[in-house]
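Each chain, written out:
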Amino acid sequence: VQLQASGGGLVQAGGSLRLSCAASGRTFSSYAMGWFRQAPGKEREFVAGISRGGITTKYADSVKGRSTISRDNGKNTVYLQMNTLKPEDTAVYYCAADSSIVVRDVWYVYDYWGQGTLVTVSS
C-alpha cells in the first residue's frame, strides 16, 4: 500500500483544515488507518485512528472533540478534519496503515506510512 498525504498548510489559531490520505492498491479496506503527528524535537504521537469499515474511531485526548477521522473505502481515502486549531497542533502529520482488525494508537505497529504533510498554526 502506498499512501499520499495532503491538505496541510498555514492556518491561524481557531481555524480548520482537512487532511486527506490517498492509498493505492485494492486492499485499502483491509487496513485500519491512523493519523500521527510529529513536532520538531518531539516524538511521533497518535492523533486519530479508524477501523477497516469505519465503524470504530479513536482519538488522542489532545484532539478529541476538535477532530474527526473518516474514510471512504470506495475512494481509497482517509480524512482528518481538524477544527479549532491551536499553535500546539503544529507538526508534520502522517497517515499510516495497520493490518490489525482493531484501532491501535502506537506508531511502531503500523505497516505503511505516507510522506507527511506540514500543518502550521499561527497564534
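What you see is a predicted model; the values in this text were computed from it and never measured. (Residues numbered from 1 in each chain as written. Predicted model: local features only at pLDDT ≥ 70, side-chain atom pairs only at ≥ 80, totals over all residues. Heavy atoms only, no water.)

### Digging into the overall build of the protein chain
A tally of helices and strands in the protein chain yields 0 helices and 11 strands. The globule rule puts the C-alpha radius of gyration for 123 residues at 14 Å, and the 13 Å found for the protein chain is close to it. Counting only C-alpha atoms and orienting by the principal axes, one finds that the protein chain spans roughly 40 × 25 × 25 Å. Residues classed as buried in the protein chain amount to 45% of the 123 residues present. (Helix = DSSP H or I, 4+ residues; strand = E, 2+ residues; numbered from the N terminus. Rg over C-alpha atoms; globule rule 2.2 N^0.38 Å. Buried < 20%, exposed > 50% of the residue type's maximum accessible area, 1.4 Å probe, protein only.)

### As for the nonpolar core
With 34 residues, the main nonpolar core has Met33, Trp35, Ile69, Val78, Leu80, Met82 and Tyr93 as its most contacted residues. Elements supplying a minimum of two residues to this core: β1 (3-6), β3 (17-23), β4 (32-38), β5 (45-50), β8 (77-82), β9 (91-98) and β11 (117-122). If you tally residues by element for this core, the top one is β9, at 5 residues. Aside from chain neighbours lying at most four places away, what touches Tyr93 is Leu19, Trp35, Phe36, Arg37, Val47, Leu80, Met82, Gly116, Thr117 and Val119. (Core = buried A, V, L, I, M, F, W, Y, C linked by side-chain atoms within 4.5 Å. Contact = heavy atoms within 4.5 Å.)

### Topic: the environment of Val103
Locating Val103 in the fold gives a position in the loop between β9 and β10 (112-113). We classify Val103 as buried; its relative accessible area is 12%. Put simply, Val103 and Thr56 are 47 residues apart on the chain and 7.4 Å apart in space, counted from C-alpha to C-alpha. Apart from residues no more than four positions distant in its own chain, Val103 is found in contact with Gly49, Ile50, Ser51, Thr56 and Lys58.

### Side note on the pattern of salt bridges
Side-chain pairing between opposite charges can occur once the charged atoms of the two side chains come close. For the coordinates displayed, the defined rule picks out 6 salt bridges. Across the pair Arg37 and Glu45 runs a salt bridge whose closest N-O atoms are separated by 2.6 Å. Taking relative accessible area as the criterion, Arg37 reaches 5% and is therefore assigned buried. With its nearest N and O atoms 3.2 Å apart, the salt bridge here joins Asp61 to Lys64. Judged by its relative accessible area of 66%, Asp61 falls in the exposed class. (Salt bridge = Lys/Arg side-chain N within 4 Å of Asp/Glu carboxyl O.)

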